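# Structural overview for review
The chain contents come next:
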Amino acid sequence: MAIRFYNTMSRSLEEFKPIREGKVGLYTCGPTVHDFAHIGNFRTYVFEDILRRYLEYKGFKVKHVMNITDVEDKTIRKAREGHKALHEITDPFIEAFFADLDKLNIERASVYPRATQHIEDMVKMIRKLLELGIAYKSEDGSIYYNIAKFPGYGRLAHIKVADMRSGARVAQDEYEKDTASDFALWKAWDENDGDVYWDQYEDLGKGRPGWHIECSAMSTKYLGNHFDLHTGGVDNIFPHHQNEIAQTEACTGETFVNYWMHSEHLQVEGEKMSKSKGNFYTLRSLLDKNQNSSGKAWSAMAVRYLLVSTHYRTRMDFSFKGLEVATDTLRGIVEFLRECANSKSDKLNLQMATKLTVSLERAKSDFERAMDDDLNTPVALAALFTLRREVKKLIAEYGDLGPVGGKLVVDFFAGCDKVLGLRLLESMKAKEEAEAEDALTPEEQALLDARQQARKEKDFAKADQMRAELLARGIAIMDSPKGVTWKRV
Ligand code: AMP
Ligand code: ZN
């Protein structure tokens, strides 16, 4: 079946048709590396990861580009406040970002271009815009984009050009819709920029690029003038993505992007999670019980589950209660898969096998139909829960799925998990290994049996000797009215 995505540009669901058959060009706006990313940012990155994984599941070859914004207003401010060079601020946060991506099982993009390494590409675009008379140098030396010169300005963000204040300018990178104005492509150096500037481009003057031109330059460099998908959080729609369109399309004369997709915000008590409001959680704070107010160490997969359990276009409130539910739900799935993997009976019941095949086929088509429908992850997860319920019924009815049946179920979940990225099989294996470690080796068991036998025969000296021998191997024995128990010490 065809995939349909909600395109912010048309405000409607559209069938996804790639420009080149079997291939997808995907640009996802990356982190501004002035601090640790918070889990609101990761909601967007996880949505993009699911998008990419599902396209791959459907057989597309995806070229995924994610930029690293390592020069803009906030990184510069932080460098100045800390009396540091820009890269001294950004390098550790870039490293932390990649570590968090790995923890959340977010697949690596094909390329992570950094803004500071693409200044030349930005300068070329700015020159072109100047040549075309769309950009102009203002009296303060900065270069602005004249939005009145771009007829489609406001289309993505759904603002009317007539409402915009003609001739007004905005120098900072982020601003609201109601202050839509000419925006900076190149910001002339001022003392707040400290030693962050480029002064080799005489026509532009000493300065640095604006945030929006960074993404126009890096996306087209790696994906061409016209590519399939461009994504971000809803706050990127305006001004960032609107400005990217204006800059790129004016330069190339081509349509920039076919599908614009945006994820809704992660909120805390109804407010957008953000650095500036201070209502944010970093991933590392959730994974460390001493760093979050719940006093618990949560697993990264519980965080990921929580993020994918709501559709990406629905606003979602973060809570520890939600994380608790996510943790339990994941544990339940892993337990269920262990049960299936351990179906050992070699009897093959044909009736059971037929019912299982029907359930598996239905689950597969329900899962794919949900994902085809604008990546509806909660409905896709519901297909897995329905399958679990049906399989449990079969186990109750027939006693066991048999190794073939068990493997079919486990393989099906593993296939879906290529899209969901919840590390279900790894968790199942890790649990099995932990339990195997919890069992006695045959030798240890023999010693324990010998001790019990000696006790029975009232040979207490021998029983004590066996106990000492077990203790020497790190196994402590406890006698209780219910019998003997042991633990590793
Ligand atoms: P930034 O590092 O601020 O540029 O943000 C990186 C990405 O995270 C962008 O795509 C934002 O739209 C997205 N983002 C920021 N805050 C949230 C949030 N509370 N929920 C979801 N996505 C967010
Ligand atoms: Zn961007």
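Okay, so let's go over this structure. (Residues numbered from 1 in each chain as written. Chains lettered and ligands numbered in written order. Predicted model: local features only at pLDDT ≥ 70, side-chain atom pairs only at ≥ 80, totals over all residues. Heavy atoms only, no water.)

Here the focus is the site of ligand 1. Taken together, the neighbourhood of ligand 1 is formed by 16 residues, with Thr44, Asp235, Asn236, Leu266 and Met273 sitting nearest. At a separation of 3.1 Å, an oxygen atom of ligand 1 approaches a polar backbone atom of Gly233. The separation between a nitrogen atom of ligand 1 and a polar main-chain atom of Met273 is 2.9 Å. One can see that ligand 1 is located within the largest pocket. Here the shell around ligand 1 is built from residues that sort into 4 nonpolar, 9 polar and 3 charged. (Near = heavy atom within 4 Å. Polar contact = N/O pair within 3.5 Å; in protein donor to acceptor, adjacent residues only side chain to side chain. 1 Å grid on protein atoms, 1.4 Å probe; cavity = no way out; pocket = protein on both sides within 12 Å on 5 of 7 lines; lining within 4 Å. Sits in = over half its atoms within 2 Å of the grid points. Nonpolar A, V, L, I, M, F, W, Y, C, P; charged D, E, K, R; others polar.)

This part covers the pairing of strand E15 (residues 475-480). Looking at chain direction, E15 and strand E16 (residues 483-488) are connected through 6 bridges and run antiparallel. The residue of E16 that forms the bridge with Ile477 is Trp486. Connecting E15 to the next strand, E16, in antiparallel fashion are 2 residues. (Pairing = 2+ DSSP bridges. Helix = DSSP H or I, 4+ residues; strand = E, 2+ residues; numbered from the N terminus.)

Surrounding the zinc ion (ligand 2) are the protein donor atoms Cys29 (SG), Cys215 (SG) and His240 (NE2), at 2.0 to 2.2 Å. Donor residues for the zinc ion (ligand 2) sit on one chain with the sequence pattern C-x185-C-x24-H. Placement of the pair is Cys29 in the loop between strand E3 (23-28) and helix H1 (39-57) and His240 in helix H6 (residues 237-252), with a sequence separation of 211 residues. We classify Cys29 as buried; its relative accessible area is 6%. On the basis of relative accessibility, which here comes to 0%, the residue His240 falls in the buried class. (Donors = N, O, S within 2.8 Å, 3.2 Å for Na, K, Ca; no water. Buried < 20%, exposed > 50% of the residue type's maximum accessible area, 1.4 Å probe, protein only.)

Summed over the entire model, instances satisfying the criterion amount to 36 salt bridges. Among the ionic pairs, Arg53 bridges to Glu107, the shortest N-O distance being 3.9 Å. With Arg53 in helix H1 and Glu107 in the loop between helix H3 (86-103) and helix H4 (119-131), this pair connects stretches of sequence that are 54 residues apart. Given the relative accessible area of 27%, Glu107 is considered partly exposed. Taken together, the shared-partner salt bridges connect Asp49, Arg52, Arg53, Glu56, Glu107 and Arg304 into one network. (Salt bridge = Lys/Arg side-chain N within 4 Å of Asp/Glu carboxyl O.)

Next up on the list: the sheet that holds strand E12 (residues 266-268). If you walk across this open sheet you meet the 3 strands as E13-E12-E14, and the pairing is mixed. The open sheet is flanked by strand E13 (271-272) and strand E14 (316-317), the only strands paired with a single partner. Taken together, the 2 bridges between E12 and E14 define a ladder with parallel strand orientation. Residue Leu266 lies in a different strand from E14, and its bridge partner there is Met316.

Functional significance is not addressed by these values, which are geometric in nature.
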